[in-house]
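One letter stands for each residue in the lines below.
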Amino acid sequence: MRIVRRNLYTVIYLALLCTLNTSVFAQTNELQQHPAKDTVRVRLLNESSRRSFPKNLLQTEQYAREALWLSDSLHFKTGTMWATRNLALAENIRGNLEKQLDLTIKALKLAEELKDKHAEGVLNTDIGNILVEQNQPRQALRYQRKALRIKQALGQPAEIARTLNSIGSGYIRLNKPDSALYFLLESEKIKLSLNDHAGLAVTYENIGLVYTQLEKYGIALPYFEISEQYYQEADNMNGMVKAHLNIGFTKTMLHRYEEAEQELAEAARLNSHIQNAKNKLIYHKNMATLDSARGNYAAALANYKQFSMMSEEMFSLEKSKFIANTKEKYESEKKQHENKLLRKEQQLHLATIKQQRILVVFCTMLLLGLFVITAVLYLMYRRQQDLYRQLNHRNIQVQEQNKIIMEQNAALESGNQVKDKIFSVISHDLRSPLAILEGLLFLLRDDKMSEEQFRIFSHELWRDMKNTAYMMDNLLQWASSQMKGIHVTPDDFDISTILNSEFELLQSLAKQKEITLTHALHRRLMVYADPDMIRLVLRNLISNAIKFTPENGTVNVNYLLLPDKIELIVEDDGLGIATADQTKVFSNIYYSTNGTRNEKGCGLGLPLSKDFIERNKGRIWFHSVAGKGTSFHFTLPLSAEDETPGRGYTIIVKDNQAYNETALNSWK
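### Let's talk about the packing of aromatic side chains
At step 1: Counting across every chain of the model gives ten aromatic pairs.
At step 2: Here the aromatic rings of Y171 and F183 are separated by 5.7 Å at their centres, their planes lie at 10°, and the arrangement is stacked. With Y171 in helix 8 (residues 157–173) and F183 in helix 9 (residues 177–194), the pair connects residues that are twelve residues apart, well separated along the chain. For the pair shown, Y171 and F183 are each scored as buried.
At step 3: Their ring planes at 75° and their centres at 6.3 Å tell us that Y217 and F249 sit as a pair that is edge-to-face. With Y217 in helix 11 (residues 217–233) and F249 in helix 12 (residues 237–253), the pair connects residues that are 32 residues apart, well separated along the chain.
At step 4: Classification of Y217 as buried rests on a relative accessible area of 15%.
At step 5: On the basis of relative accessible area, F249 is assigned to the partly exposed category, the value being 21%.

See below:
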């Protein structure tokens with residue numbers, strides 16, 4: 001059966017290759033028949049570039065670059081816009097998402113300038129897809145919704161279906177399966193009416209992923225299988241690899257282990273032709289899951305190590321690409337600025353030459369009379385003085401601009417050195433706890449540790465894993481703020497719900513040290529802020545309190561309800577902070593000390609928490625006495641839609657009891 005399927009793949013591939021070659025020949029012939037360097041040739045070049053994607057990277061880029069050069073020489077902005085978009089698609093083939101995003105944004109600005117609504121819809125969808133790939137689904141949905149409104153207004157069913165599918169992908173990344181399934185089924189209806197099998201392949205793949213999130217593997221499997229058939233029809237090799245990976249994982253979850261192994265082996269075979277690193281990463285992860293399900297833990301550990309190593313390599317590669325792209329953008333902007341200065345200087349020289357010619361002609365005419373010559377010479381003298389003053393003034397301006405450029409160069413070089421230094425420090429801090437975990441796993445794998453010994457170390461192993469996970473969250477948030485900037489997405493939400501969800505994770509950490517962890521937020525309190533940022537702040541403050549509180553200590557979360565904001569208080573009776581170190585807590589020195597059980601940190605949590613609170617229009621501070629404990633306070637604005645009873649009065653919560661401040665004053 002496997003041989004028959006491979007032969008079928010070969011026949012379909014050859015048929016599609018013949019069709020593609022015929023299409024490419026027709027494009028080349030059409031371009032040869034129209035050698036005139038005009039807007040018609042620009043359109044033909046852009047169409048040829050788009051049709052070459054994603055089959056042929058070189059042709060995609062070659063046609064796009066010629067179209068861009070010709071459009072610039074003709075001042076044809078529409079041609080420049082589509083050529084820039086095609087160059088962005090070429091960067092997608094290379095996997096350079098940062099550069100693809102820059103080029104797509106540049107093309108979108110041209111579309112908005114030209115008021116080309118069709119192009120705006122296409123480019124907004126492109127930006128949304130890039131942001132989904134960069135794991136920024138909230139930002140992606142803003143672009144996708146805008147694209148959907150434009151395409152609905154233009155009445156473009158194929159484009160509407162594409163955008164609906166992209167919105168569904170965003171909700172998958174946000175782990176909202178119900179919302180994702182709604183948009184994907186709407187996309188399916190349109191694509192079925194258009195008989196768009198290539199588009200249905202992507203939609204069915206996403207529907208299968210939704211049911212996988214819901215752990216309904218029996219429902220997900222048929223969607224993955226029909227997705228694989230449609231990818232095969234379109235000769236989309238990358239899609240076929242992803243389909244086999246998804247089918248293999250689903251069959252693993254359905255305990256069909258032999259079939260799962262065959263699907264994953266087929267995925268590896270197909271991926272060997274296209275060498276897609278992300279597919280290889282997912283292959284090792286799925287193989288680790290399969291080996292673990294079959295009880296082959298040694299093979300599972302080997303595959304998981306390969307997955308971890310590739311993940312780290314991909315992160316380093318993305319960081320290198322971002323730095324290279326930043327340098328390239330800087331060099332490009334620097335050259336543009338230098339060219340602008342040269343053009344201004346050239347215009348000054350031409351103006352000077354023109355003035356000198358006028359003066360020569362004027363002087364020749366003045367030879368007609370002595371009186372006239374004397375008067376004109378005086379005027380010429382005055383005019384030359386003014387000209388020299390203007391030239392000196394302009395030279396001073398050029399020198400000042402050059403000085404500014406030199407200062408900017410020095411600042412950028414200094415910034416890059418600081419970033420490299422910080423990355424090296426963080427890498428060391430993260431590798432240290434991971435090395436300890438790797439050692440324990442090595443002893444367990446080679447049967448050098450008994451089950452009784454492992455149970456003794458299991459609590460410490462779990463605690464180290466949680467600490468490392470929290471450090472990784474802080475690192476990723478910090479890296480995002482340094483490399484891409486922080487995007488605040490405020491919303492109305494119940495802060496007690498977020499606190500309860502974090503408590504479920506942190507209670508286990510507290511029990512390891514026999515610490516009593518309590519909170520007083522037993523009511524619905526709506527605030528207006530970014531929920532993901534506030535979740536990280538609560539996690540950092542509570543885990544820090546646990547970290548620096550000895551055994552049998554207490555950590556409690558209280559709050560003050562004010563007229564237009566809420567003040568949350570995380571207090572402990574732990575070690576406290578020395579007076580000499582208190583100025584370092586929120587600084588950019590990234591100050592860190594070990595906890596009462598030698599727990600490690602990277603020093604990013606508190607500065608990052610301060611930044612997040614201030615970006616959400618709040619304030620954060622602390623009170624601490626060495627040896628007696630610490631209390632961290634921060635405020636957040638209340639939601640405009642909050643209907644909490646007692647709003648407008650100050651409610652003080654202490655020891656799980658609430659009092660109206662006005663009532664307290666009258667009682668006194």
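Having seen the model, we can carry on.
### Here's the deal with the environment of Q232
At step 1: For Q232, the position within the fold is in helix 11.
At step 2: The exposure class of Q232 is buried, given its relative accessible area of 11%.

### Considering the environment of D611
At step 1: Summarising the element assignment, D611 is placed in helix 20 (residues 605–615).
At step 2: Overall, D611 belongs to the partly exposed group, its relative accessible area being 26%.
At step 3: Separated by 74 residues in the primary sequence, D611 and V537 place their C-alpha atoms 9.8 Å from one another.

### What to know about the pairing of strand 2 (residues 516–519)
At step 1: Burial along strand 2 is one-sided: L517 and H519 are buried, while T516 and T518, pointing the other way, are not.
At step 2: Relative to strand 4 (residues 554–561), strand 2 is paired through four bridges, and the arrangement is parallel. Along strand 4, the bridge assignment pairs T516 with T554.

### As for the packing of helix 8 against helix 9
In a pair of packed helices, the angle between the axes and the distance between the axes together describe the arrangement.
At step 1: Across the interface, helix 8 lies against helix 9 with an axial gap of 8 Å and an inter-helix angle of 155°. By the angle class used here, helix 8 and helix 9 are roughly antiparallel. Crossing of helix 8 over helix 9 shows left-handed handedness. Every residue of helix 9 that contacts helix 8 at P157, A158, I160, A161, R162, L164, N165, I167, G168, Y171 and I172 is listed here: S179, A180, F183, L184, E186, S187, I190, K191 and L194.
At step 2: Of the residues that constitute the contact of helix 8 with helix 9, the class distribution is 13 nonpolar, four polar and three charged.

### Structural notes on the nonpolar core
At step 1: Counting residues in hydrophobic clusters, the biggest one holds 43 residues, and the most contacted among them are I495, I542, I546, I566 and F634.
At step 2: If you list the elements that add at least two residues to this core, you get helix 18 (495–512), strand 3 (526–529), helix 19 (531–547), strand 4, strand 5 (565–572), helix 20, strand 6 (620–625) and strand 7 (629–637).
At step 3: Looking at this core, the element that brings in the most residues is helix 19, giving nine residues.
At step 4: Among the nonpolar cores identified, the runner-up in size contains 36 residues, and Y171, L221, I247 and Y283 belong to it.

### Points about helix 12
At step 1: Between its first and last C-alpha, helix 12 extends 25 Å over 17 residues, near the 24 Å set by a 1.5 Å rise per residue.
At step 2: Counting buried positions along helix 12 gives twelve out of 17 residues, so the element sits mostly inside the fold.
At step 3: Among the residues of helix 12, those classed as buried are G239, M240, V241, A243, H244, L245, N246, I247, G248, T250, K251 and T252.
At step 4: Following helix 12 by one or two positions, H255 adopts a phi angle in the positive range, close to 65°.

Each value, and the rule that gives it
Residues numbered from 1 in each chain as written. Predicted model: local features only at pLDDT ≥ 70, side-chain atom pairs only at ≥ 80, totals over all residues. Heavy atoms only, no water. Phe/Tyr/Trp six-rings, centres within 6.5 Å; stacked < 30°, edge-to-face > 60°. Helix = DSSP H or I, 4+ residues; strand = E, 2+ residues; numbered from the N terminus. Buried < 20%, exposed > 50% of the residue type's maximum accessible area, 1.4 Å probe, protein only. Pairing = 2+ DSSP bridges. Axes fitted to C-alpha atoms, helices over the stretch in contact; angles between N-to-C directions. Parallel < 35°, antiparallel > 145°, perpendicular 65-115°, else oblique. Left-handed = near helix turned anticlockwise from the far one by under 90°. Contact = heavy atoms within 4.5 Å. Nonpolar A, V, L, I, M, F, W, Y, C, P; charged D, E, K, R; others polar. Core = buried A, V, L, I, M, F, W, Y, C linked by side-chain atoms within 4.5 Å. Expected span 1.5 Å × (residues − 1).

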